[in-house]
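Summary of the model geometry
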Amino acid sequence: MTDRQRVVQRLKETFAWRETPGGIFADLSGWWRDAEVLRLLGPALAGLHADPPGTPAPTVVAGIETRGLVLGPLTALHLGVGFVEIRKDHRTGGDPLRRDANDPMLRAETPPEYQDGGLTLVAPRRLFGPGDRVLLVDEWIETGAQANAVRRMVGESGAEWAGVAVIVDASEPKVGERLGVRGLVREDDLDETA
């Protein structure tokens, strides 16, 4: 069994759907508790975008808070590149619309998703630039709204979009194709274990 097959197996085994008064939610806590999953996730996510020789490799990995801040560094370490955190503006403190002339921020809005309103995603402009190929890493993608916002930020910086590597791909085919999404498992694969 390859490492990728092993991590996919462990992801399925340690995943659970939980029913609460607010509805059913994906409980990922088993993933974070499993040392083997943690050891294998970085290489497995990096391997999703290991394109044929001659294809430019990612030069930086980005991750959206919260879980992207865990998965991104695991992937970046395996690729031997740096990591950029993408923050949700409501958590940056101070005036969320303030623009700091000394450290300008890239900003992109998302449309409303699920029960939430739209978000503003932010990252320091100086961390992306021409010549960079940015790989976004996260645990789950469905609508692609946040990934699309990050892609706009990457384009605004002059960097190139490398795609998205996720643990669970629940996106529609058009979304996945447009954003270059590659996942370790599909949401349907997790339903089998419910």
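These notes cover the structure that comes with them. Everything quoted here is computed from the prediction, not taken from an experiment. (Residues numbered from 1 in each chain as written. Predicted model: local features only at pLDDT ≥ 70, side-chain atom pairs only at ≥ 80, totals over all residues. Heavy atoms only, no water.)

1. As for the pairing of strand β3 (residues 60-64)
So the rule is basically this: Three exposure classes are used, based on accessible area relative to the maximum for each residue type with a 1.4 Å probe and protein chains only: buried under 20%, partly exposed in between, and exposed over 50%. Runs of E in the DSSP output that reach at least two residues are strands. Runs of H or I that reach at least four are helices, and both are numbered from the N terminus. In this analysis, strands are considered paired if DSSP registers two or more bridges between them.
In terms of burial, β3 is largely enclosed, as five of its five residues are buried. Residue alternation in β3 divides its side chains into two sets, Val60, Ala62 and Ile64 and Val61 and Gly63, and both sets are buried. As paired strands, β3 and strand β4 (residues 82-88) are joined by five bridges and run parallel to one another. Its bridge partner lying in β4, valine 60 is registered against glycine 82.

2. Side note on the nonpolar core
The tendency in soluble globular proteins is for nonpolar side chains to be buried as a group. Cut-off, in case you're wondering: By nonpolar core we mean a set of buried residues, namely Ala, Val, Leu, Ile, Met, Phe, Trp, Tyr and Cys, connected to one another through side-chain atoms within 4.5 Å. Residues count as neighbours in contact if any of their non-hydrogen atoms are within 4.5 Å of one another.
Formed by 26 residues in total, the largest nonpolar core has its most connected members in Leu11, Trp31, Leu41, Leu45, Ile167 and Leu184. The set of elements that each furnish at least two residues to this core consists of α1 (3-14), α3 (35-47), α4 (68-79), β7 (133-141), β8 (160-169) and β9 (181-186). No other element matches the five residues that α3 contributes to this core. In this structure, leucine 41 is in contact with Val7, Leu11, Trp32, Leu71, Ile167 and Leu184, ignoring residues within four places of it in sequence. One finds Leu136, Ala149, Val164 and Val181 within the second-largest nonpolar core, a separate group that totals 25 residues.

3. Some thoughts on the sheet that holds β3
Short version of the rule: In this analysis, axes come from line fits to C-alpha atoms, helices being fitted only over the stretch in contact, and the angle between any two N-to-C directions falls in the range 0 to 180 degrees.
Across the sheet, which stays open at both edges, the seven strands sit in the order β5-β6-β4-β3-β7-β8-β9 with mixed pairing between neighbours. Both outer strands of the open sheet, β5 (105-109) and β9, are each paired with one neighbouring strand and no more. Strand-to-strand, the axes of this sheet are offset by a mean angle of 25°, without reference to chain direction. Here β4 runs beside strand β6 (residues 120-124); their pairing, made up of two bridges, is antiparallel. Note that in β6 the partner of arginine 87 across the bridge is valine 122. Running over the sheet, α1 touches β8 and β9 and is turned about 60° from β9. Along the sheet, α3 contacts β7, β8 and β9; its crossing angle with β8, the most-contacted strand, is approximately 135°.

4. Quick notes on α3
What counts, and what does not: Expected helix span is taken as 1.5 Å per residue step, with the number of steps being one fewer than the number of residues. Any N or O atom pair separated by 3.5 Å or less is treated as a polar contact, with the protein-specific requirement of one donor-capable and one acceptor-capable atom, and with residues adjacent in sequence counted only for side-chain atom pairs.
Taking 1.5 Å per residue, 13 residues should reach 18 Å; α3 reaches 19 Å between its end C-alpha atoms and fits that length. Among the residues of α3, Val37, Leu40, Leu41, Gly42, Ala44, Leu45 and Ala46 are the ones counted as buried. Buried residues along α3 sit against α1, α2 (29-33), α4, β7, β8 and β9. For α3, the N-terminal capping position is held by aspartate 34, with its side-chain oxygen 2.9 Å away from the main-chain nitrogen of glutamate 36.

5. Let's talk about the packing of aromatic side chains
Stated formally: Only the six-membered ring of Trp is used, alongside the rings of Phe and Tyr, when aromatic pairs are assigned; centres must lie within 6.5 Å, and planes under 30 degrees apart are stacked while those over 60 apart are edge-to-face, with the rest tilted.
On inspection of all chains with the given rule, the structure shows five aromatic pairs. Note on phenylalanine 15 and tryptophan 31: the rings are 5.8 Å apart at their centroids and 40° apart in plane angle, and the pair reads as tilted. Linking phenylalanine 15 in the loop between α1 and β1 (16-20) with tryptophan 31 in helix α2, this pair joins segments that are 16 residues apart in sequence. Here phenylalanine 15 matches tryptophan 31 in class, with each residue buried. Ring geometry for tryptophan 31 versus tryptophan 32: centroids 6.1 Å apart, planes at 90°, classification edge-to-face. Given a relative accessible area of 0%, tryptophan 31 falls into the buried group. The class of tryptophan 32 is partly exposed, set by a relative accessible area of 26%. The structure contains a cluster of three or more aromatic residues connected by ring pairs, namely Phe15, Trp17, Trp31, Trp32 and Trp140.

Limitation: the analysis is restricted to geometry and does not speak to function.
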